[in-house]
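# Survey of secondary and tertiary structure
Now for the letters of each chain:
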Amino acid sequence: MTDTASELDPPAPAGVPPEAALMPLLMGGFVTQAISVVARFGVADVLAGGPRPVEDIAAEVGAKTLGLYRVLRVVADFGVLTELPGRRFALTAQGELLRSDHSPSLRGLATHFGSHFHRAAWSHLYESVVSGRPGFDLAHGEPQFDYYRTHPEEAAIFDGAMTSVASTIYATLEAYDFGRFGKVADIGGGNGAYLAGILAKNPGLHGILLDLPDVVERSGSVLQGAGVADRCEVIGGSFFDRVPGGADAYVLTAVIHDWDDERSVDILRNVRAAMPEHATVLLGEPVVPDGPEPSVAKLLDLETLVGTTGRQRTESEFRDLLDRSGLRLTRIIHSAGPDSLVEAVARR
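The residue numbers shown here count from 1 along each chain, following its written sequence. A pLDDT threshold of at least 70 governs which residues receive local features in this predicted model, and a stricter bar of 80 or more applies before side-chain atom pairs are shown or counted, although totals over entire chains, interfaces and linings include all residues. To get the side-chain values, take all heavy atoms of the structure and skip hydrogens and water.

Put simply, DSSP H or I for four residues or longer makes a helix, DSSP E for two residues or longer makes a strand, and each gets a number counted from the N terminus. When its secondary structure is counted, the protein chain shows 19 helices and 11 strands. Radius of gyration: over C-alpha atoms. The globule rule applied is 2.2 Å multiplied by the number of residues raised to the 0.38 power. For 348 residues, the compact-globule formula gives about 20 Å, and the C-alpha radius of gyration of the protein chain, at 22 Å, lands near that figure. In terms of overall dimensions, the protein chain has a C-alpha envelope of 65 × 60 × 40 Å along the principal axes. Classification of residues uses two cut-offs on accessible area relative to the type maximum, computed with a 1.4 Å probe and protein chains only: under 20% is buried, over 50% is exposed, and between them is partly exposed. Within the protein chain, the fraction of its 348 residues that count as buried is 45%. Across the protein chain, contacts joining residues at least 24 apart in sequence account for 63% of those joining residues at least 6 apart. Across the protein chain, 30 positive and 46 negative side-chain charges occur, with their mean positions spaced 3 Å apart. Between two residues, a contact is recorded if the distance between any of their heavy atoms is within 4.5 Å. Neither His nor the chain termini are counted; the positive set is Lys and Arg, and the negative set is Asp and Glu. A charged residue contributes its charge at one atom only: NZ of Lys, CZ of Arg, CG of Asp or CD of Glu.

To continue, consider the sheet that holds strand β2 (residues 81-84). Strand pairing follows a simple DSSP-based rule, namely that at least 2 bridges must link the two strands. The three strands lie next to each other as β1-β3-β2, forming an open sheet whose pairing is antiparallel. Sheet topology places β1 (52-53) and β2 at the edges, where each strand pairs with a single neighbour. In the packing of helix α6 (residues 65-77) onto the sheet, the strands contacted are β2 and β3 (88-91), and the crossing angle to β2 comes to about 115°. Between N-to-C directions, angles cover 0 to 180 degrees, with each direction set by a line fitted to C-alpha atoms, over the stretch in contact for helices.

Stacked, edge-to-face and tilted are the three classes for Phe, Tyr and Trp ring pairs, Trp counted by its six-membered ring, which pair at centre distances within 6.5 Å; planes under 30 degrees apart are stacked, over 60 edge-to-face, the rest tilted. Counting across every chain of the model gives 14 aromatic pairs. A ring pair is formed by F136 and Y148, whose centres lie 6.0 Å apart and whose planes are at 70°; its orientation type is edge-to-face. With a gap of 12 residues between them, F136 in helix α11 (residues 135-140) and Y148 in helix α12 (residues 144-150) connect regions that are remote in the sequence. Residue F136 shares its accessibility class with Y148, and that shared class is buried. Put simply, a charge is over a ring when the Lys NZ or the Arg CZ is close to the ring centre, within 6 Å, and near the line of the ring normal, within 35 degrees. Above the face of the Y69 ring, R87 is positioned so that its terminal group lies 4.0 Å from the ring centre. Against the face of F240 rests R263, its NZ or CZ located 3.8 Å from the ring centre.

Our next topic: the packing of helix α17 (residues 261-274) against helix α19 (residues 315-324). α19 packs onto α17 with a crossing angle of 55° between their chain directions and a minimal axis gap of 8 Å. With respect to α19, the axis of α17 lies oblique. The chirality of how α17 crosses α19 is right-handed. Of the residues in α19, those in contact with D261, E262, S264, V265, L268 and R269 of α17 are L321, L322 and R324. Classes in brief: Ala, Val, Leu, Ile, Met, Phe, Trp, Tyr, Cys and Pro nonpolar; Asp, Glu, Lys and Arg charged; the others, Gly included, polar. A breakdown of the residues in the contact of α17 with α19 according to their chemical character gives four nonpolar, one polar and four charged. Here the word oblique covers every angle except those under 35 degrees (roughly parallel), over 145 (roughly antiparallel) and from 65 to 115 (roughly perpendicular). Two helices that cross are described as forming a left-handed crossing if the nearer one is turned anticlockwise from the farther one by less than a right angle, and a right-handed crossing if clockwise.

The subject of this paragraph is unusual backbone geometry. Cis peptide bonds are those with omega within 30 degrees of zero, and the linkage from S103 to P104 qualifies with 0°. By the element assignment, P104 lies in the loop between α7 (93-96) and α8 (107-113). Of note in this structure, R87 is not a glycine but carries a positive phi near 55°. Its location among the elements puts R87 in the loop between β2 and β3.

Running from N to C, helix α3 (residues 28-41) and α6 cross one another at 120°; their axes reach a closest spacing of 9 Å. In the crossing of α3 with α6, the sense of the turn from one axis to the other is left-handed. Note on element contacts: α6 touches α3 through L68, V71, L72, V74 and V75, opposite A34, I35, V37, V38 and F41. Of the residues that constitute the contact of α3 with α6, the class distribution is 10 nonpolar, no polar and no charged.

To continue, consider the side chain of E343. Counting through the fold element by element, E343 comes out in strand β11 (residues 339-346). By relative accessible area, which is 7% here, E343 ends up buried. Leaving out residues up to four positions away in the same chain, E343 has contacts with Y176, R180, T280, V281, L282, R328, L329, T330 and R331.

This next bit is on the side chain of S325. Note on placement: S325 falls in the loop between α19 and β10 (327-334). In this view, S325 contacts V265, L268, R269 and R272; residues no more than four positions away in its chain are not counted.

This part is about a nonpolar patch on the surface. A surface patch of nonpolar side chains, amounting to about 640 Å² of accessible area, comprises L22, M23, L25, L26, M27 and F30. Considering each element in turn, the nonpolar patch owes the most residues, four residues, to helix α2 (residues 18-26). By secondary structure assignment, the location of M27 is in the loop between α2 and α3. To count toward a patch, a residue needs a relative accessible area above 30% and no salt bridge. Like charges then connect within 9 Å, nonpolar side chains (Val, Leu, Ile, Met, Phe, Trp, Tyr) within 5 Å. Exposure was quantified through the Shrake-Rupley algorithm and a 1.4 Å probe, taking into account, for residues, occlusion by the shown protein chains and nothing else. Salt bridges are defined as contacts in which a side-chain nitrogen from Lys or Arg sits within 4 Å of a carboxyl oxygen from Asp or Glu.

Such coordinate-based values are descriptive only and should not be taken to indicate function.
Here is the structure:
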């Protein structure tokens, strides 16, 4: 028996014709841009003390009242804000995540997703599917990490996004027992946001931060702000060259998905060569389901398609990468959000 189109269709709200269901999806990019504007202006910080009229919000953030109102009412339709009588706005639980002082905070990620250089990469999704080249390279003429070295303003926006990612991963995987380690090495740890969160929660723990020299030089304020700079060694270098030894745990957060299989194995083999036999490897990554069930990880996989030469992977694909690198997958700790923690040890 063959499946018919109606049998394959996902369930739709009763009485909603297909064109009405499709239209909001086609305009999803509009919503992203509106939320990004709210994040960039810091509207959630203004509303942290309670509801405010749009005139007050606009005056405080430096926006035109009418233009800001048109953005805020759309964002309210999608549950990020609540619109009250008299054109007053209040935060929802989702809106709280756009506050700078909230933990976790997605303000940096929202700002990044609406940035001009990020939008330009996504405009080349079609060409990425045709050619296999990242949309970022096609839009900007060079890989994104090379681009950030000569574009400090964009690099700062990207750092903010990675800080957001670190805050969500740490919040959702807080139950992991990092306290059983004496020293944790964050490999490719960017500005140190994730490592700072781990060290702040575990006062007896020491850390090593490894990333390229121009990247780790941006870590000072992050580590100082978390009060952990005196317990963290900062090393400028490439994980393709060598990885520092002597740690009890090696953390790679949002790293492996940036690279194809061969380069990922190169990174993991360097970790295996550096780590003591008792050490643990922790990959902070989304895990794509093996089946057809919906998953945010599939959307994030498109982000890697336009951004890098890598991809998001399934459990079996992670197992294969680790096996080729001399490591053995021990478990995957899934979170309520898209990110999981893939745990591995040395294969003996």
